Amino acid sequence: MRRPAALPLLFATLSLLAGCKSPCRELSERFCDCVDRYQRTLCLQNVAARERDLEPTEEQLDVCEQRLSTCNIDPEDRTTCDILRTDEGKDACGLAR
């Protein structure tokens, strides 16, 4: 009886943990949606490693949060990656200098 109840609890816990990403990590992962499929896993691993090594300030987190609302990359539609080729798109996604 315990085994069937444990699986939904495990999945619920993993789902909650997956939702605990910083806005900067979420923004970085959007860029990973634009690399070739075979490079995506490595890109996501690099993003996770960087997050472990660098802790963003509150100010940086706020900027990333703002960029999440303007960086419209859809992982289901690779043509949305074209936004990164324009100055406006780079600015919207936080890539402009």
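Scroll up for the structure.
All residue numbers refer to position in the chain's written sequence, counted from 1. For this predicted model, a pLDDT threshold of at least 70 governs which residues receive local features, and a threshold of 80 or more governs which side-chain atom pairs are given and counted, while totals over whole chains, interfaces and linings are taken from all residues. Working from all heavy atoms in the structure, the side-chain values ignore hydrogens and water.

*Asks:* Mind laying out the state of the cysteines, listing which residues take part and the relevant values?
*Replies:* Pairs of cysteine sulfur atoms within 2.5 Å are what we label disulfides. All chains considered together, the criterion is met by four disulfides. The disulfide partner of Cys34 is Cys81, and the gap between their sulfur atoms is 2.0 Å. Given an S-S torsion of about -90°, the disulfide between Cys34 and Cys81 has left-handed geometry. Of this pair, Cys34 sits in the loop between α2 (23–32) and α3 (37–53) while Cys81 sits in the loop between α4 (58–70) and α5 (87–92), placing them 47 residues apart in sequence. No difference in accessibility class separates Cys34 from Cys81, as the two residues are buried. Among the cysteines of the chain that take part in disulfides, numbered as they appear in the sequence, the pairing is 1-5, 2-4, 3-7, 6-8. Going along the chain from the N terminus, every DSSP run of H or I of four or more residues is numbered as a helix, and every run of E of two or more is numbered as a strand. Type-normalised accessible area, obtained with a 1.4 Å probe on protein chains alone, sets the label of each residue: buried when under 20%, exposed when over 50%, and partly exposed for intermediate values.

*Asks:* Describe α3, listing the residues and the values that go with them.
*Replies:* Under the 1.5 Å per step criterion, the end-to-end length of α3 is 25 Å for 17 residues, consistent within 8% with the ideal 24 Å. Those residues of α3 not exposed but buried are Cys43, Val47 and Ala48. Seen from one end, α3 has its buried residues packed into an arc of 135°, which puts them on one side. In α3, the exposed residues that point more than 90 degrees away from the buried face are Tyr38, Leu42, Arg52 and Asp53. Throughout, a contact is declared for two residues whenever any of their heavy atoms are within 4.5 Å. Buried residues in α3 make contact with α2. One less than the number of residues in a helix, times 1.5 Å, gives the span that helix is expected to have. As used here, the arc is the angular range of directions from the helix axis to the C-beta atoms.

*Asks:* Now, about the pattern of salt bridges: what can you tell me, with residues and values included?
*Replies:* Each reported salt bridge corresponds to a side-chain nitrogen of Lys or Arg within 4 Å of a carboxyl oxygen of Asp or Glu. Going through the model one piece at a time under the given rule, you end up with five salt bridges. Here Arg40 ties to Asp33 by a salt bridge, and the two come within 2.5 Å at their closest N and O atoms. What makes Arg40 partly exposed here is its relative accessible area of 25%. The structure contains a network of salt bridges with shared partners spanning Lys21, Arg25, Glu29 and Glu51.

*Asks:* So what's going on with a negative patch on the surface? Residues and values would help.
*Replies:* Like charges are joined within 9 Å and nonpolar side chains (Val, Leu, Ile, Met, Phe, Trp, Tyr) within 5 Å, but only among residues with over 30% relative accessible area and no salt bridge; these make up the patches. Accessibility throughout is a Shrake-Rupley quantity obtained with a 1.4 Å probe, and a residue counts as covered only by protein chains that appear here. Under the counting rule used here, the positive set is Lys and Arg, the negative set is Asp and Glu, and His together with the chain ends is not counted. Taken as the charge centre is NZ of Lys, CZ of Arg, CG of Asp or CD of Glu, depending on the residue. A contiguous patch of negative charge on the surface is contributed by Glu26, Glu58, Glu59, Asp62 and Glu65. Classification of Glu26 by relative accessible area gives partly exposed; the value is 33%.

*Asks:* Outline the environment of Ala92, supporting the account with residue identities and numerical values.
*Replies:* With respect to the secondary-structure elements, Ala92 resides in helix α5. When the C-alpha positions of Ala92 and Leu68 are compared, they lie 8.5 Å apart, and in sequence the two are 24 residues distant. For Ala92, the contacting residues outside a window of four places in its chain are Arg67, Thr70 and Cys71.

*Asks:* Run through the packing of α2 against α3, naming residues and quoting values.
*Replies:* Note on method: axes are straight lines fitted to C-alpha atoms, helices fitted across the in-contact stretch only, with angles between N-to-C directions ranging 0 to 180 degrees. Two elements in contact, α2 and α3, have axes whose closest approach is 9 Å; the angle formed by their N-to-C orientations is 160°. Here α2 is positioned roughly antiparallel relative to α3, judged by the angle of their axes. As for how α2 packs across α3, the hand of that crossing is right-handed. Of the residues in α3, those in contact with Arg25, Ser28, Glu29 and Cys32 of α2 are Arg40, Cys43, Leu44, Val47, Ala48 and Glu51. Residue polarity is assigned by list, with Asp, Glu, Lys and Arg as charged and Ala, Val, Leu, Ile, Met, Phe, Trp, Tyr, Cys and Pro as nonpolar; anything else, Gly included, falls into the polar class. Residue composition of the contact of α2 with α3, grouped by class: five nonpolar, one polar and four charged. For classification, angles of less than 35 degrees are called roughly parallel, those exceeding 145 degrees roughly antiparallel, those between 65 and 115 degrees roughly perpendicular, and all remaining angles oblique. For any helix crossing, the convention is left-handed if the near helix is rotated counterclockwise from the far helix by under a right angle, and right-handed if that rotation is clockwise.

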